[in-house]
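Commentary on secondary and tertiary structure
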Amino acid sequence: MKKIFRWLILGGTLFFLLKALKDNWLGVSAIKVNITGWLILVTATIITLFAHIWAGWIWIWVLKELNQSVSSIEFIQVYLKTNIAKYLPGNVWHYYGRIMAAKNANIPTNIATLSVLLEPLLMLAAALIIIILCSSKLVVNDLKFNLFILQFPGLIIVLGILHPRFLNPVIQLLDRWKNKKSPEKNQLIDSFIIKNYPLKALLGEIVFLGLRASGFILTIMALTSVNWQQIPLLVGAFSCAWVLGLVIPGAPGGLGVFETIAMLLLQYHFPAALVISAIALYRLISILAETTGAAIAWLLEQISY
């Protein structure tokens, strides 16, 4: 049923995207990118690459919070090399690669697993915080007052869930669910708990999403002008689309899910043809940045040998 559900999501998102492209093909084909636009796209790629390097730093912070002494350069290289594995079927191989690399560096299995489990949880929390803060820009005027009332309690709930008292049971539950056929692995993760509030890593993930959103906004700016009033809308829409691409079991790497959600949220604020072109370009930019990061990490590894 899980595989069928994933194929249904993938089929539905691809059908929606292809239909939107068909309906707006004339507008999409009419969009041109000038020299300034290409320079902006190059900048967006560099910022997106830096965002992934920054995410590798956050992983190092998490490991150091767990009392593990690691080589920063080596583990950033591991992060970048494994990052492209998220596009493989299953969408878990990048996590597996990091756990194995950490184990090869003599990090206990429970701590390696814990550090990898924390990443998507912190990313999810960071995205929810940004979405809550930008939510008033994502809805119609009639709902803005009600959302304003809910924003503060929503922030308190998200921040409270990250407290070790609540976070430890969530991590243990996720690990049991992933390793329900291996009781010995559950005992490993149960033997270690988080003692401190992961504030530094959470702030780091907010910066990570800010960098990713900046790359997305620059991609749109390469095609059209964007005013300051539209920035919160674009940041909120990107964060919402990105986090749903992270959690919905569709195509690997959120492929299709991200594009569909971004289109649904932005089609009433920008021309549909522009939105389609921007999200297609941004997907290419993301893959190019991830591939470049992996290639640089591999080259540095070969040079060090």
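Heads up: these notes are all about the structure in this document. (Residues numbered from 1 in each chain as written. Predicted model: local features only at pLDDT ≥ 70, side-chain atom pairs only at ≥ 80, totals over all residues. Heavy atoms only, no water.)

**Re the overall build of the chain**
Selection criterion: Each helix is a run of DSSP H or I of at least 4 residues and each strand a run of E of at least 2, with the numbering of both proceeding from the N terminus. Under the scheme applied here, a residue whose accessible area is under 20% of the maximum for its type counts as buried, over 50% as exposed, and between as partly exposed, the area being computed with a 1.4 Å probe on protein chains only. Any two residues whose heavy atoms approach within 4.5 Å are treated as being in contact. Each accessible area value is a Shrake-Rupley result obtained with a 1.4 Å probe; residue values ignore everything except the protein chains displayed when judging cover.
Across its full length, the chain carries 13 helices and zero strands. Starting at the N terminus and ending at the C terminus, the chain contains elements arranged as α-α-α-α-α-α-α-α-α-α-α-α-α. Here the chain holds 305 residues, and 47% of them are scored as buried. Sequence-distant contacts, at least 24 apart, represent 75% of the contacts inside the chain between residues at least 6 apart. Put simply, the chain shows about 16,200 Å² of open surface, and 71% of that area lies on carbon and sulfur atoms.

**Re helix H3 (residues 35-65)**
Threshold: Each helix should span, by expectation, one fewer than its residue count multiplied by 1.5 Å. Here a polar contact means two N or O atoms within 3.5 Å. Within protein one must be a hydrogen donor candidate and the other an acceptor candidate, and residues neighboring in sequence count only if both atoms are side-chain atoms.
With 31 residues, H3 should reach 45 Å at 1.5 Å per residue; the first-to-last C-alpha distance of 45 Å fits that figure. A distance of 3.2 Å separates the backbone nitrogen of Thr 36 from a side-chain oxygen at the start of H3, and that oxygen is part of Asn 34. Within two residues after H3, Asn 67 carries a phi angle of roughly 65°, on the positive side.

**Side note on the packing of aromatic side chains**
Put simply, the rule reads: Two aromatic rings, drawn from Phe, Tyr or Trp (for Trp, its six-membered ring), form a pair once their centres lie within 6.5 Å of each other, and the interplanar angle then sorts them: stacked below 30 degrees, edge-to-face above 60, tilted otherwise.
For the coordinates displayed, the defined rule picks out 11 aromatic pairs. With a centroid separation of 5.2 Å and an interplanar angle of 50°, the aromatic rings of Trp 59 and Phe 75 are classed as tilted. Here Trp 59 is found in helix H3, whereas its partner Phe 75 is found in helix H4 (residues 72-83), with 16 residues between them in sequence. By relative accessible area, which is 2% here, Phe 75 ends up buried. Taking 6.0 Å as the distance between ring centres and 35° as the angle between the ring planes, the aromatic pair formed by Phe 258 and Tyr 282 counts as tilted. With Phe 258 in helix H12 (residues 257-266) and Tyr 282 in helix H13 (residues 272-304), the pair connects residues that are 24 residues apart, well separated along the chain.

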